[in-house]
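# Examination of the molecular architecture
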Amino acid sequence: MSYTRKITDSLYWIGGNDRRLHLFENIHPIERGVSYNSYVLLDEKNVLFDTVDWSVCRDMLESLEKVLAGRKLDYVVINHMEPDHAACLEEVLIRYPETKVISNEKAFMLMHQFGFHIDGRTIEVKEGDVFEFGKHKITFVNAPMVHWPEAMVSFEIT
């Protein structure tokens, strides 16, 4: 079942809600489950920011297809390699074979260690790099050990 939320004329939330979980990280009680956040930016180049956990992967893929409405997916940005951000990456790449993956060196190292098939499809960003996708500019900021050692954040600076 597709769930989308229009944030702006060019940005959509396509994440999902997992009501089955009662503990976050198997420690912290969560009475109403957890939300997995994934966003699509529609511009001259279309960008997916993170994926979701396997539990809602099918819904996210359906939402992605709906929001793209026949457009090409040019990039997927992976800000963090934990499964609630990246579990569906290979599924996205299977469905959109021309898509390039944008992330940092440590994240790509983890992708290789986890067995992701991304060779020839990577664009490595460093602290402060800026990408223009059309009208929108995104800068990348490393946030190591905020959660995992490869974590980064993406800021829209337009």
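None of these values were measured; they are calculated from a predicted model. For every chain, the first residue of the written sequence is number 1, and numbering continues from 1 along that sequence. Totals for whole chains, interfaces and linings use all residues, but because this is a predicted model, local features are given only for residues with pLDDT of at least 70 and pairs of side-chain atoms are given and counted only at 80 or more. Working from all heavy atoms in the structure, the side-chain values ignore hydrogens and water.

A separate point is the sheet that holds strand β7 (residues 39-41). If you walk across this open sheet you meet the seven strands as β1-β2-β7-β8-β9-β10-β11, and the pairing is mixed. In this open sheet, the two strands that pair with only one neighbour each are β1 (5-6) and β11 (122-124). For two strands to count as paired, DSSP must find a minimum of two bridges between them. A run of H or I in DSSP counts as a helix once it spans at least four residues, and a run of E counts as a strand once it spans at least two, with each numbered from the N terminus. As defined by bridge partners, strand β2 (residues 11-13) adjoins β7 across three bridges and the pair is classed as antiparallel. By the bridge assignment, Y12 is partnered in β7 with V40. Two residues form a contact once any of their heavy atoms are found within 4.5 Å. Structural elements are reduced to axes, namely lines fitted to C-alpha atoms, with helices fitted over the stretch in contact, and the angle between N-to-C directions of any two is expressed from 0 to 180 degrees. Across the face of the sheet, helix α4 (residues 105-113) comes into contact with β10 (100-103) and β11 while running at roughly 125 degrees to β10.

Residues with no salt bridge and a relative accessible area higher than 30% make up the patches, which join like charges within 9 Å and nonpolar side chains (Val, Leu, Ile, Met, Phe, Trp, Tyr) within 5 Å. Every accessible area reported is derived by Shrake-Rupley at a probe size of 1.4 Å, with residue values counting cover from the shown protein chains alone. A pair is scored as a salt bridge if a Lys or Arg side-chain nitrogen falls within 4 Å of a carboxyl oxygen belonging to Asp or Glu. Where nonpolar side chains cluster on the molecular surface, the patch consists of V130, V153, F155 and I157 and spans about 320 Å² of accessible area. In this structure, F155 sits in strand β14 (residues 152-156).

In these notes, a set of buried Ala, Val, Leu, Ile, Met, Phe, Trp, Tyr and Cys residues joined through side-chain atoms within 4.5 Å is what counts as a nonpolar core. Burial classification: accessible surface area is computed with a 1.4 Å probe over protein chains only, and a residue below 20% of its type maximum counts as buried, one above 50% as exposed, and the rest as partly exposed. If you look at the biggest cluster of nonpolar residues, it comprises 33 residues, and the most contacted ones within it are L64, L89, V101 and M111. Elements represented by at least two residues in this core include exactly β6 (34-36), α1 (57-68), α3 (89-95) and α4. A per-element tally of this core places α1 first, with six residues. When near neighbours in sequence (up to four residues on either side) are disregarded, L64 contacts I14, V40, L48, L73, V92 and Y96. With twelve residues, the next largest nonpolar core counts L41, F131, I138 and F140 among its residues.

A word on α1. A helix's residues, less one, multiplied by 1.5 Å, set its expected span. Between its terminal C-alpha atoms α1 stretches 16 Å, which fits the 16 Å expected from twelve residues at 1.5 Å a residue. The inward-facing, buried residues of α1 abut β2, β7, β8 (47-49) and α3. Downstream of α1 by one or two residues, A69 has phi in the positive range, about 45 degrees.

Okay, the state of the cysteines next. Note on disulfides: each one is a pair of cysteine sulfur atoms within 2.5 Å. In this structure the tally under the stated criterion is one disulfide. Each sulfur in the disulfide pair C57 and C88 lies 2.3 Å from the other. Highlighted residues: C57 in helix α1 and C88 in the loop between α2 (83-86) and α3, separated in sequence by 31 residues. For C57, a relative accessible area of 3% corresponds to the buried category.

Pairing is antiparallel in the open sheet, where three strands are placed in the order β12-β13-β14. Every other strand in the sheet has two partners, leaving β12 (130-132) and β14 as the edge strands with one partner each. Direction aside, the axes of adjacent strands within the sheet are offset by 25 degrees on average. Pairing of β12 with strand β13 (residues 137-142) involves three bridges; the strand directions are antiparallel. Looking across to β13, one finds that F131 is bridged to I138.

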